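# Tertiary structure, described
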Amino acid sequence: MAPSIAQVPTAEVVVPVKAAPGTTETKARVRRVIDEEGGKEKTTASYPNYLPVWDYGEKYPPLEPFTHVDHGKDADPSFKDLLTEGSKIQKLTPTIGSEVTGVQLSKLTPAGKDQLALLVAQRRVVAFRDQDFADLPIQEALDFAGYFGRHHIHPTSGAPEGYPEIHLVHRNNNAWELDEYLATKNSSVSWHSDVTYEQQPPGTTFLYLLDSPEVGGDTAFVDQVEAYNRLSPALKERLHGLKAVHSGFEQAEFSLNRGGVDRREPVKNEHPLIRTHPVTGEKALFVNAGFTRSIVGLKKEESDALLGFLLAHVGRGLDYQARVRWAPKTVVVWDNRLTAHSAIIDWTTGERRHLARITPQAERPYETPYVPENGQSKA
């Protein structure tokens, strides 16, 4: 059966705010996880300064359009300023995913950052090991990632106090929360591309590890370019010109229903089903189970059937997916325009899974004309 097109992306956006069974809870104006864990002296978090805070009084205005500059266009394709002497790069699969050692991202020159953007666009997702991101002052990490676009502030997730630009993925050792979450699901897999309901969704995106289980809690990625390439020419041609509705209303409602926050009025936007990357020129499917709700101009039954097929096609494509195993001091960088991803909630040991995401926005999605395999555009 095709996945539900109304699926709410809970696997990466975890905002547990109700009390454990048998206890009571009064929602405070500011909720701090570190206080709930007994302060710095008692918390088991490796990075207490990154524990989530929700300020119920915060409200942000609607996002305004901006001109995005993709630095991958300026990159030297030899990657000489990124993959320097002593570095090593290894592919995870033929089409998607690479792992790099011997490179310190925080020390990159502007030329190295340009090449990082290009490499991530080409390989979709790249895991960099032995990084110092988590140990930097938070503002330095933000300054680094800000080179790649305007920072997105998530409307519902927790953030380190004073740094709303950081989106936190946090699941602590409350086993009852995990049991409750999985009780209604056959699988924890929740494919999504981040906040595609925005007019200008993210591009080059950074996620770095703070705490993780010894085993489990990996993140899976799917190559939306290869997913597009696998479609028949007839279906590719039919999909071009179509748009889909991406909505943030369900995410906002989910947060509020659990006693969470909604710091910005939710929005929905129409984006092309087939998106063109501004640097590589590649075409990619731009649909995801988290936020894509319907196809514009089709009747409901038609939209549900076509969208259901596309989401199932993305989700079952094991031969164009990669799985990244987290390890201490890992930073994973992916191109949100060309991929979807899902956390894998598969550990039952009660260990903390805690990551920080920096989410630079990119251009408004667009498509270029369909060119048949014979190379001749249809008039």
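Figured I'd write up the structure that's included with this text. What you see is a predicted model, and the numbers here were worked out from it, not measured in a lab.

Our next topic: the overall build of the chain. The helix and strand inventory of the chain stands at 8 helices and 17 strands. By sequence separation, contacts in the chain at least 24 residues apart represent 83% of the contacts at least 6 residues apart.

The next thing to look at is the sheet that holds strand β14 (residues 321–324). The strand order across the open sheet built from 3 strands is β14-β8-β16, with neighbouring strands paired in antiparallel fashion. Unpaired on one side and paired on the other, β14 and β16 (339–343) mark the two borders of the sheet. Mean inter-strand twist for the sheet, computed between neighbouring axes without regard to direction, equals 20 degrees. Looking at chain direction, strand β8 (residues 219–223) and β16 are connected through 5 bridges and run antiparallel. Residue pairing across strands places Asp223 opposite Thr339, the latter belonging to β16.

Of all hydrophobic cores here, the largest spans 34 residues; its most connected members are Tyr50, Leu105, Leu116, Ile166, Phe206 and Tyr208. Elements that contribute at least two residues to this core include exactly α2 (110–123), β5 (125–128), α3 (138–145), β6 (166–171), β7 (204–211), β15 (331–335) and β17 (353–358). Once residues within four sequence positions are removed from consideration, Tyr208 is found in contact with Tyr50, Phe133, Ala134, Ala141, Ile166, Trp326, Thr330, Val331, Leu355, Ala356 and Ile358. Residues Leu285, Val287, Leu311 and Ala340 belong to the second largest nonpolar core, which totals 24 residues.

On to helix α7 (residues 249–257), then. Along α7, the residues classified as buried are Gln251, Ala252 and Ser255. Projected down its long axis, α7 carries its buried residues within an arc of 100 degrees, all on one side. Gly259 lies just past α7 and shows a positive phi near 80 degrees.

On to α3, then. Turning to α3, its buried residues number three or more, namely Ile138, Ala141, Leu142, Phe144 and Ala145. Axial view of α3: buried residues confined to an arc of 160 degrees, hence all on one face. Next to the buried residues of α3 lie α2, β6, β7 and β17.

Once that is clear, we can look at the side chain of Ser188. Counting through the fold element by element, Ser188 comes out in the loop between α4 (175–183) and β7. At 3.0 Å, the side chain of Ser188 forms a polar contact with the backbone nitrogen of Ile345.

This next bit is on the sheet that holds β15. With respect to topology, 7 strands assemble into an open sheet ordered β3-β4-β5-β15-β7-β17-β6, the strand pairing being mixed. Lying at the two open borders of the sheet, with one neighbouring strand each, are β3 (88–91) and β6. Across this sheet, the average inter-strand angle for adjacent strands is 20 degrees, counted without regard to direction. Packing of α2 onto the sheet brings it into contact with β3, β4 (98–101), β5, β7 and β15, and relative to β5 it is tilted by some 125 degrees.

In this section: the packing of aromatic side chains. What the rule picks out here adds up to 11 aromatic pairs. Measuring from ring centre to ring centre gives 5.9 Å for Tyr50 and Tyr208, while their planes differ by 85 degrees; the resulting arrangement is edge-to-face. Residue Tyr50 is located in the loop between α1 (33–36) and β2 (53–55), and its partner Tyr208 is located in strand β7; the two are separated by 158 residues in the primary sequence. Accessibility assignment for this pair places Tyr50 and Tyr208 in one class, buried. When the ring of Phe133 is compared with that of Phe144, the centres are 5.3 Å apart and the planes differ by 85 degrees; the resulting orientation is edge-to-face. Of this pair, Phe133 sits in the loop between β5 and α3 while Phe144 sits in helix α3, and the two are 11 residues apart along the sequence. The same class applies to Phe133 and to Phe144, which are both buried. Put simply, the rings of Tyr47, Tyr50, Phe133, Phe144, Tyr147, Phe148, Phe206 and Tyr208 touch in pairs and so form one group of aromatic residues. Sitting above the plane of the Tyr147 ring, Lys113 keeps its charged end 5.1 Å from the centroid. Stacked on the ring of Tyr228, the Lys or Arg Lys236 has its end atom at 5.1 Å from the ring centre.

What counts, and where the lines are drawn
Residues numbered from 1 in each chain as written. Predicted model: local features only at pLDDT ≥ 70, side-chain atom pairs only at ≥ 80, totals over all residues. Heavy atoms only, no water. Helix = DSSP H or I, 4+ residues; strand = E, 2+ residues; numbered from the N terminus. Contact = heavy atoms within 4.5 Å. Pairing = 2+ DSSP bridges. Axes fitted to C-alpha atoms, helices over the stretch in contact; angles between N-to-C directions. Core = buried A, V, L, I, M, F, W, Y, C linked by side-chain atoms within 4.5 Å. Buried < 20%, exposed > 50% of the residue type's maximum accessible area, 1.4 Å probe, protein only. Arc of directions from axis to C-beta. Polar contact = N/O pair within 3.5 Å; in protein donor to acceptor, adjacent residues only side chain to side chain. Phe/Tyr/Trp six-rings, centres within 6.5 Å; stacked < 30°, edge-to-face > 60°. Lys NZ or Arg CZ within 6 Å of the ring centre and 35° of its normal.

Any link to function would need more than the numbers given here.
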